[in-house]
Amino acid sequence: MKERSSDKLSAVADNIKRINENIANAMEKAGRTDKVRLMGVTKTVDPEIVNFSVSKGVTLLGENRVQEFLEKRDRYEGDPEIHFIGGLQTNKVKYIIDKVSMIHSADSVHLIEEIDKRAAKAGLTMDILIEVNIGGEESKSGIMPEALDELAYRTAEMSNVRLRGLMAIPPVDVNGSSERYFAAMQKLFSDLKDKTSGDGRFLIDTLSMGMSGDYESAIMHGSTVVRIGSVLYGYRDYSKH
Ligand SMILES: *Cc1c(COP(=O)(O)O)cnc(C)c1O
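Residues numbered from 1 in each chain as written. Predicted model: local features only at pLDDT ≥ 70, side-chain atom pairs only at ≥ 80, totals over all residues. Heavy atoms only, no water.

> Could you give an account of the packing of helix α5 (residues 109–122) against helix α6 (residues 148–156), naming the residues involved and the relevant values?
Packing of α5 against α6 leaves a shortest axis separation of 11 Å and a crossing angle of 15 degrees. Overall, the two elements α5 and α6 adopt an arrangement that is roughly parallel. As for the relative orientation of α5 and α6, their crossing is right-handed in sense. Mapping the contact onto sequence places Val109, Ile112 and Glu113 in α5 and Leu151, Arg154 and Thr155 in α6. Class assignment for the residues of the contact of α5 with α6 results in three nonpolar, one polar and two charged. (Axes fitted to C-alpha atoms, helices over the stretch in contact; angles between N-to-C directions. Helix = DSSP H or I, 4+ residues; strand = E, 2+ residues; numbered from the N terminus. Parallel < 35°, antiparallel > 145°, perpendicular 65-115°, else oblique. Left-handed = near helix turned anticlockwise from the far one by under 90°. Contact = heavy atoms within 4.5 Å. Nonpolar A, V, L, I, M, F, W, Y, C, P; charged D, E, K, R; others polar.)

This is the structure we're talking about:
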C-alpha cells in the first residue's frame, strides 16, 4: 500500500527535529560554540517532500546528480541554498554553474579549471571544496591527502573560483567507525586554514563531512556541514529514478 503523503511529511518533521537535537547534543559534547549546518541530500526525494523540509528549516540542499537536479529544480520552493555534492563530469559543469552556490566535489585541476572558466563566463565566482580521498581507497573519488597543498595553491591562481575548505566521504574501518578518518580530515583542514590565513585568495571555513550514519562523530571532529539523506527523508527508492 502506498504511504499516505501526510504520514510521510509528519515522519520527515519528526526526523528533522530529532536530527537537530542530535546535532545540538554533539556540539555540546564537543564543546563547540561555532555553527554546523544541516544539509538535506535530495537524491530520489520528491520535490514536495524537499519543499516541506525547507519549510521546516532545512534551507541548505545537496544535489548529486546533474540530470535529476535539472528536472527537479523548477519545482523547488522557499528559495533554498543549493550545493552540488556528487561526482561531476567536466562536460556537465556548464549546466549547474549558475544554479548552485558551492561545489563540494572538486577533485582535479582539470575539473576546477573548467569550473573557473564557466564561472568567468557566467560572471560569477564559484565557491568550491576540495574532495579528499581520506581512506586512500582506489575506487573512490577525491584527491590523495599528499596532493592537497599543490591543488589548493593552484586554485588560488584562478580568479573565478574560491576555495572554502574540504569535503570527504570516508570509509568505515573494521570497527564500523569513520572516526579516525574524520580526525585525519580535521587535521588536514586546520593545517590548510593555518597555512592560508592572511592570504586573501582563500576563505577556509567549511569542512563538509558526516552523513546519516556518522554525523555526530563528524561533528566531534569539527565538521561544519553534515550531509544527510536517508535518516531525514527516509530510505531512498532508486526505482523511481
Ligand atoms: C547520498 C549522499 C549523502 C547522504 O547519504 P545518507 O547516508 O543517506 O545520509 C551524503 N553525501 C553524498 C555525497 C551523497 O551522495
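> Let's hear about the side chain of Glu63: which residues, and what values?
Mapped onto the elements, Glu63 comes out in strand β2 (residues 60–63). No salt bridge forms around the buried Glu63; measuring N to O, its nearest opposite-charge neighbour Lys72 is 5.1 Å away. A distance of 2.8 Å separates the side chain of Glu63 from the side chain of Thr42, its partner in a polar contact. When residues no more than four places from it in sequence are discounted, the contact partners of Glu63 are Thr42, Phe69, Tyr76, Ile82, His83, Phe84, Ile85 and Gly86. (Buried < 20%, exposed > 50% of the residue type's maximum accessible area, 1.4 Å probe, protein only. Lys, Arg positive; Asp, Glu negative; His and termini not counted. Salt bridge = Lys/Arg side-chain N within 4 Å of Asp/Glu carboxyl O. Polar contact = N/O pair within 3.5 Å; in protein donor to acceptor, adjacent residues only side chain to side chain.)

> Help me get a handle on the site of the ligand, residues and values and all.
Contacts to the ligand come from Val41, Lys43, Asn64, Ile85, Ile169, Met211, Ser212, Arg227, Ile228, Gly229, Ser230 and Arg236. At a separation of 2.5 Å, an oxygen atom of the ligand approaches a polar side-chain atom of Asn64. Within the contact set of the ligand, an oxygen atom lies 2.8 Å away from a backbone nitrogen or oxygen of Ser230. In isolation the ligand exposes 390 Å². Once the protein is present, 88% of that is buried. Its residues assigned to classes, the shell around the ligand shows five nonpolar, four polar and three charged. (Near = heavy atom within 4 Å. Areas by Shrake-Rupley, 256 points an atom, 1.4 Å probe, with all protein chains shown as cover.)

> Tell me about the pattern of salt bridges, and name the residues and values.
What the rule picks out here adds up to 18 salt bridges. Between Glu68 and Lys72 there is a salt bridge whose closest N-O contact spans 2.8 Å. Pair noted here: Glu68 and Lys72 are both in helix α3 (residues 66–72), with a separation of four residues, about one helical turn. In terms of burial, Glu68 and Lys72 fall into one category: buried. The partner of Asp127 in a salt bridge is Arg162, with the nearest N and O atoms 3.0 Å apart. One end of the pair, Asp127, is in strand β5 (residues 126–131); the other, Arg162, is in strand β6 (residues 161–167), with 35 residues separating them in the sequence. Accessibility expressed as a relative area gives 11% for Asp127, which makes it buried. Salt bridges here are not isolated pairs; linked through shared partners, they connect Asp127, Arg162, Arg164 and Asp205.

So yeah, pure geometry; function would need other evidence.
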